[in-house]
Number of protein chains: 2
Amino acid sequence: MAACTVYSTQSLNTSCFISTPSHTHYGFHQKQVVFYTTSKRISNKRGINTISTSPYVIKCAGGDSQTVVIGLAADSGCGKSTFMRRLTSVFGGTAEPPKGGNPDSNTLISDTTTVICLDDYHSLDRTGRKEKGVTALDPKANDFDLMYEQVKAIKDGIAVQKPIYNHVTGLLDPPELIKPPKILVIEGLHPMYDARVRDLLDFSIYLDISNEVKFAWKIQRDMAERGHSLESIKASIEARKPDFDAYIDPQKQYADAVIEVLPTQLIPDDNEGKILRVRLIQKEGIKKFSPVYLFDDGSTISWIPCGRKLTCSYPGIKFAYGPETYFGNEVSVVEMDGQFDRLDELIYVESHLSNLSSKFYGEVTQQLLKHTDFPGSNNGTGLFQTIVGLKIRDLYEQIVAARAETPVRSAKV
Amino acid sequence: MAACTVYSTQSLNTSCFISTPSHTHYGFHQKQVVFYTTSKRISNKRGINTISTSPYVIKCAGGDSQTVVIGLAADSGCGKSTFMRRLTSVFGGTAEPPKGGNPDSNTLISDTTTVICLDDYHSLDRTGRKEKGVTALDPKANDFDLMYEQVKAIKDGIAVQKPIYNHVTGLLDPPELIKPPKILVIEGLHPMYDARVRDLLDFSIYLDISNEVKFAWKIQRDMAERGHSLESIKASIEARKPDFDAYIDPQKQYADAVIEVLPTQLIPDDNEGKILRVRLIQKEGIKKFSPVYLFDDGSTISWIPCGRKLTCSYPGIKFAYGPETYFGNEVSVVEMDGQFDRLDELIYVESHLSNLSSKFYGEVTQQLLKHTDFPGSNNGTGLFQTIVGLKIRDLYEQIVAARAETPVRSAKV
């Protein structure tokens, strides 16, 4: 907010402050340009922005333009991109890579949201990591100072030149311009690792895929689609495990919402990983976030909706809800085991969940039906991802409404 | 209904039909007088009514005066009388023995209800049973023909001279006059044993006390209050068991509602019998009876209301609800394990039960608070007895309303 001292209704067309700090990264050198976002910009061939000479409208930290920042943590291949597509869909519009930019950009932009991948803050490229003997999970391979500075800048209404980690080449490509959106989602391995970045988050989510399910998913993707061997998949998971446990997993204690994906309990000894038990763990006492509940807020419930009024195919659907303690925090957990076969099952379940923050009856169902091709649209992963999307929209709208109520104070902060 | 052929709006003051069949019972002989109930009557010294010479208003089977008949089955000492007091309380007023009659009468009369004890239809008195070597549970010790005739007569609007079994002397005393009430409750060992009597019931309830709980209750009552020894109590229960299993227990398959009382499952291996798990088993598809449910009709639910909003002392309270099959019939079961410590727990639970047929918010709680001295007012026995009372009131009011809608057809039947 401090960056917004130039904001005034009399002087929308003012000159821009351009900060050009020099960052030295392991593996590559590059200048970063941090500047107030403008309505027009010119990119040079190296991807570094300069400012055109025409008058600029300054987007500023004050007023109603401050970016709401959401953190989404998960291991790679754990459904972050599906989650992002669901979130974007809740806000309407489609998310696309920046137009005319690097075709290997990891960024997705829609009218409301910009999703950046934190892999872009790798300070070591693939070769660099190999040389140093560190994985991408290791904080040493990531530049948290830059991550913090840039997320803070965007939150304050300032566009940044964000690096690009090219997943195809394993190299760090020239940066791309990220303008402050209404909602910035930072997704990747470490959104809650660094305390400074964590403090910038208005809401944080951790996708927690159990080892059994992760293994089943990797087999499906890497073996069936990419031709990897079972042994190499196992070895790859094992190799990642120590760093994952040390640096990624502990972040879940900070998350406002955790989506935990586990094998079903409806089929004894199931290890197919097709039917899932998914738990939405929601932290209590978070401002502007009111956890979803089943029937009776704060009590402990189990619910099998399949029965006299709703028939389901084997093994059915089972919900649970109740208060729990999670890493010392009071949380409310909604759990779904099983999967939907038909529309009526989905709408029936939706109609019995409370505090969904939907704008009309059946919105969750509508969202899931719109994307039946996304993985998990018929189970708890899709359901809870969509619900979290609605909660984020609600949080955003509450923040905007709160700012509209106290515009003078906001501008002064 | 057939008895009502004399009913007409032109001739309310007509003469009365008096039937004086002679019944021979094992153990005693007695004349029964069956007649249309009148506004005035004179009793002679033998308890047999004669009709005064003044004009009579005929109470008749047609129109709105037909008696609704409720059957309540349970073993002796299983809370039938408490249930009856709760039921009477739901209708308002107090239930008292017939005024000026036999002080050992088993009958209780209130403005709306008359409760008769089916022990009054014992055909063998205590000595007779000893001589024949049969228990009171044995159908041979009971006069089902008379039970049927008299219940049918009352249902048809005809007063009867019902025998009295004197529990103090073990003898059959001279009969007492039972006029057709709005609601007749027949309570005892065999209300659903005889198919003819069973067919007369508009609603039937079975109080099913598990052996463990029955034993704990008998010990408390017979040992603590009556000074019986543990051995004699055990022997008495064992002696009754074969006949109970043969003649009493099978009636529960016919009941529209069963209240099952079991030891708690909240305390592992509890055998104190103080904390109870009580199940209200409600038959589906019964006309004018819509089962109570928890949260979602027809699904399977478990609910621990104690949590964030409601705190309970150890071992807490747990509810369950769901569809089941009971003796081949589709039923809905509401279960409560544990007991209420405080008013807020009770009202909280009431507010989450649906289809209670209460007339105002908190009526169940009010009823239980009115009778905190009755056994079970703080657990599922009191809760479900009260709820069944409300359902019976609702059933009665529906029957009356249905008759009011089709008075001509009723009168013609």
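Computed from a predicted model, the values in this text were never measured in an experiment.

Undergrad: I would appreciate a short explanation of the overall build of chain A in the present structure.
TA: A tally of helices and strands in chain A yields 10 helices and 20 strands. Burial status across chain A gives 55% buried among its 413 residues. Expressed as a percentage of contacts within chain A between residues at least 6 apart in sequence, the contacts between residues at least 24 apart total 66%. As displayed, chain A has an accessible area near 18100 Å², and 52% of this comes from carbon and sulfur atoms.

Undergrad: Would you mind going over the pattern of salt bridges with me for this structure?
TA: Here the idea is simple: oppositely charged side chains can pair when their charged atoms come close. For the coordinates displayed, the defined rule picks out 46 salt bridges over all chains. As a salt-bridge pair, Asp194(B) and Arg196(B) come within 3.1 Å of each other at their nearest N and O atoms. Classification of Asp194(B) by relative accessible area gives buried; the value is 13%. Judged by relative accessible area, Arg196(B) falls into the partly exposed class, the value being 33%. Put simply, Glu260(A), Arg277(A), Arg279(A), Glu324(A) and Glu335(A) are held in one network by salt bridges that share partners.

Undergrad: Would you explain the state of the cysteines in this entry?
TA: Each disulfide is one covalent bond, formed between the sulfur atoms of two cysteines. Residues and elements named next belong to chain A. The tally for this structure, following the rule as stated, stands at two disulfides over all chains. The disulfide that involves Cys306 links it to Cys312, with 2.0 Å between the sulfurs. Across the S-S bond linking Cys306 and Cys312, the dihedral sits near -90°, which makes this disulfide left-handed.

Undergrad: Please clarify how the interface of chain B and chain A should be interpreted in this entry.
TA: As a measure of interface size, the accessible area lost when the parts come together is often cited. If you look at the interface, chain B gives 22 residues, while chain A gives 22 residues. Across the interface of chain B and chain A, roughly 1600 Å² is buried in total on both sides, 41% from carbon and sulfur atoms. The largest contributions to the chain B side of the interface with chain A come from Asp296(B), Thr300(B) and Arg308(B), which together make up 38% of the buried area. Inspection of the region where chain B meets chain A yields six salt bridges. Residue Arg308(A) pairs with Glu330(B) through a salt bridge whose shortest N-O separation is 2.7 Å.

Undergrad: When you look at the relation of the copies chain B and chain A in this model, what are you seeing that I'm missing?
TA: Here chain B sits on chain A after a turn of 180° about the axis and a move of 0.0 Å along it, with an RMSD of 0.0 Å. These values place the two chain copies in the arrangement generated by a two-fold rotation axis. In terms of proximity to the rotation axis, the leading residue of chain B is Ser302(B), whose C-alpha is 2.5 Å off the axis. Most of the interface of chain B is mirrored in chain A, where 100% of its interface residues again form contacts.

Undergrad: How should the pairing of strand β18 (residues 317-326) of chain A be read in this particular structure?
TA: The two faces of a sheet get side chains in turn, since along a regular strand they alternate between them. Residue and element names in this part refer to chain A. Alignment of strand β17 (residues 300-304) against β18, held across three bridges, turns out to be antiparallel. For Ile301, the partnering residue across the bridge sits in β18 and is Tyr321. Bridging between β18 and strand β19 (residues 329-338) involves 10 bridges; their strand directions are antiparallel. Residue pairing in the sheet places Gly322 in a bridge with Val333 of β19. Hairpin remark: β18 followed by β19, antiparallel, with two residues in the connecting loop; positive phi at Phe327, about 50°.

Undergrad: Explanation requested: the packing of helix α5 (residues 211-225) of chain B against helix α6 (residues 230-248) of chain B in the structure shown.
TA: How two helices pack is summed up by the angle between their axes together with the distance between the axes. Residue and element names in this part refer to chain B. Viewed as axis vectors pointing N to C, α5 and α6 meet at an angle of 135°, and their least axial separation amounts to 10 Å. When the interaxial angle is binned, α5 and α6 end up oblique. As α5 runs across α6, the sense of the crossing is right-handed. Taking contact as the criterion, the partners of Asn211, Lys214, Phe215, Lys218, Ile219, Asp222 and Met223 in α5 are, on α6, Leu230, Ile233, Lys234, Ile237, Lys241 and Phe244.

Undergrad: Help me understand the side chain of Glu345(A), please; the structure alone is not making it clear to me.
TA: Tracing the chain through its elements places Glu345(A) in helix α7 (residues 343-352). By relative accessible area, which is 0% here, Glu345(A) ends up buried.

Undergrad: Is there a simple way to explain the packing of helix α1 (residues 80-91) of chain B against helix α8 (residues 363-370) of chain B in this structure?
TA: Residue and element names in this part refer to chain B. At their nearest, the axes of α1 and α8 sit 11 Å apart, and the two run at 125° to each other. The orientation of α1 with respect to α8, classified from their angle, is oblique. As for the relative orientation of α1 and α8, their crossing is right-handed in sense. Between α1, through Arg86, Ser89 and Val90, and α8, the contact on the second element is made entirely by Gln367, Leu368 and Lys370. Grouping the constituent residues of the contact of α1 with α8 by class yields two nonpolar, two polar and two charged.

Undergrad: Is there a simple way to explain the packing of aromatic side chains in this structure?
TA: When we look at a pair of aromatic rings, we describe it by the centre distance and by the angle of the planes. Tallied over the entire structure, the rule returns 19 aromatic pairs over all chains. A centroid spacing of 6.3 Å and a plane angle of 75° characterise the contact between Tyr193(B) and Tyr247(B), whose relative ring orientation is edge-to-face. Separated by 54 residues along the polypeptide, Tyr193(B) in the loop between β12 (183-188) and α4 (195-200) and Tyr247(B) in helix α6 bring together distant segments of the chain. For Tyr193(B), a relative accessible area of 32% corresponds to the partly exposed category. On the accessibility criterion, Tyr247(B) (22% relative accessible area) is partly exposed. Taken together, a centroid distance of 4.8 Å and an interplanar angle of 85° make the contact between Tyr326(B) and Phe327(B) edge-to-face. On the accessibility criterion, Tyr326(B) (13% relative accessible area) is buried. Taken together through their ring pairs, the aromatic side chains of Phe295(A), Trp303(A), Phe319(A), Tyr348(A), Phe295(B), Trp303(B), Phe319(B) and Tyr348(B) make up a single cluster. Cation over ring: Lys214(A) sits above Phe244(A), and NZ or CZ is 3.7 Å from the ring centre.

Undergrad: What am I meant to see in the environment of Gly382(B) here?
TA: All names here are of chain B. By secondary structure assignment, the location of Gly382 is in helix α9 (residues 380-405). The exposure class assigned to Gly382 is buried, which follows from its relative accessible area of 0%. Each residue touching Gly382, except ones within four places of it in the same chain, is listed here: Arg86, Leu368, Gly376 and Ser377.

Undergrad: Just checking my understanding: could you explain the side chain of Gln161(A) for this structure?
TA: On the secondary structure map, Gln161(A) appears in strand β10 (residues 158-165). Polar side-chain contacts of Gln161(A) include one of 3.3 Å to the backbone nitrogen of Leu177(A).

Undergrad: In this structure, what is going on with helix α7 (residues 343-352) of chain B? I would like to understand it.
TA: Spacing of three or four residues puts side chains on the same side of an α-helix, whose turn is 3.6 residues. Along α7(B), the residues that are buried comprise Glu345(B), Leu346(B), Tyr348(B), Val349(B), Glu350(B) and His352(B). Tucked into the core, α7(B) has its buried residues touching β16 (293-294), β17 (300-304), β18 (317-326), β20 (353-354) and α8 of chain B.

Undergrad: Can you help me understand the environment of Ile275(B) in this one?
TA: All names here are of chain B. Structurally, Ile275 can be placed in the loop between β14 (257-263) and β15 (276-283). Judged by relative accessible area, which is 13%, Ile275 ranks as buried. When neighbours within four sequence positions are excluded, Ile275 is seen to be in contact with Pro263, Thr264, Ile267, Asp270, Pro315, Asp337, Gly338 and Gln339.

Cut-offs and rules
- Residues numbered from 1 in each chain as written.
- Chains lettered and ligands numbered in written order.
- Predicted model: local features only at pLDDT ≥ 70, side-chain atom pairs only at ≥ 80, totals over all residues.
- Heavy atoms only, no water.
- Helix = DSSP H or I, 4+ residues; strand = E, 2+ residues; numbered from the N terminus.
- Buried < 20%, exposed > 50% of the residue type's maximum accessible area, 1.4 Å probe, protein only.
- Contact = heavy atoms within 4.5 Å.
- Areas by Shrake-Rupley, 256 points an atom, 1.4 Å probe, with all protein chains shown as cover.
- Salt bridge = Lys/Arg side-chain N within 4 Å of Asp/Glu carboxyl O.
- Disulfide = S-S within 2.5 Å.
- Buried area = accessible area lost by both parts, 1.4 Å probe.
- Least-squares fit on C-alpha atoms with pLDDT ≥ 70 in both.
- Pairing = 2+ DSSP bridges.
- Axes fitted to C-alpha atoms, helices over the stretch in contact; angles between N-to-C directions.
- Parallel < 35°, antiparallel > 145°, perpendicular 65-115°, else oblique.
- Left-handed = near helix turned anticlockwise from the far one by under 90°.
- Nonpolar A, V, L, I, M, F, W, Y, C, P; charged D, E, K, R; others polar.
- Phe/Tyr/Trp six-rings, centres within 6.5 Å; stacked < 30°, edge-to-face > 60°.
- Lys NZ or Arg CZ within 6 Å of the ring centre and 35° of its normal.
- Polar contact = N/O pair within 3.5 Å; in protein donor to acceptor, adjacent residues only side chain to side chain.

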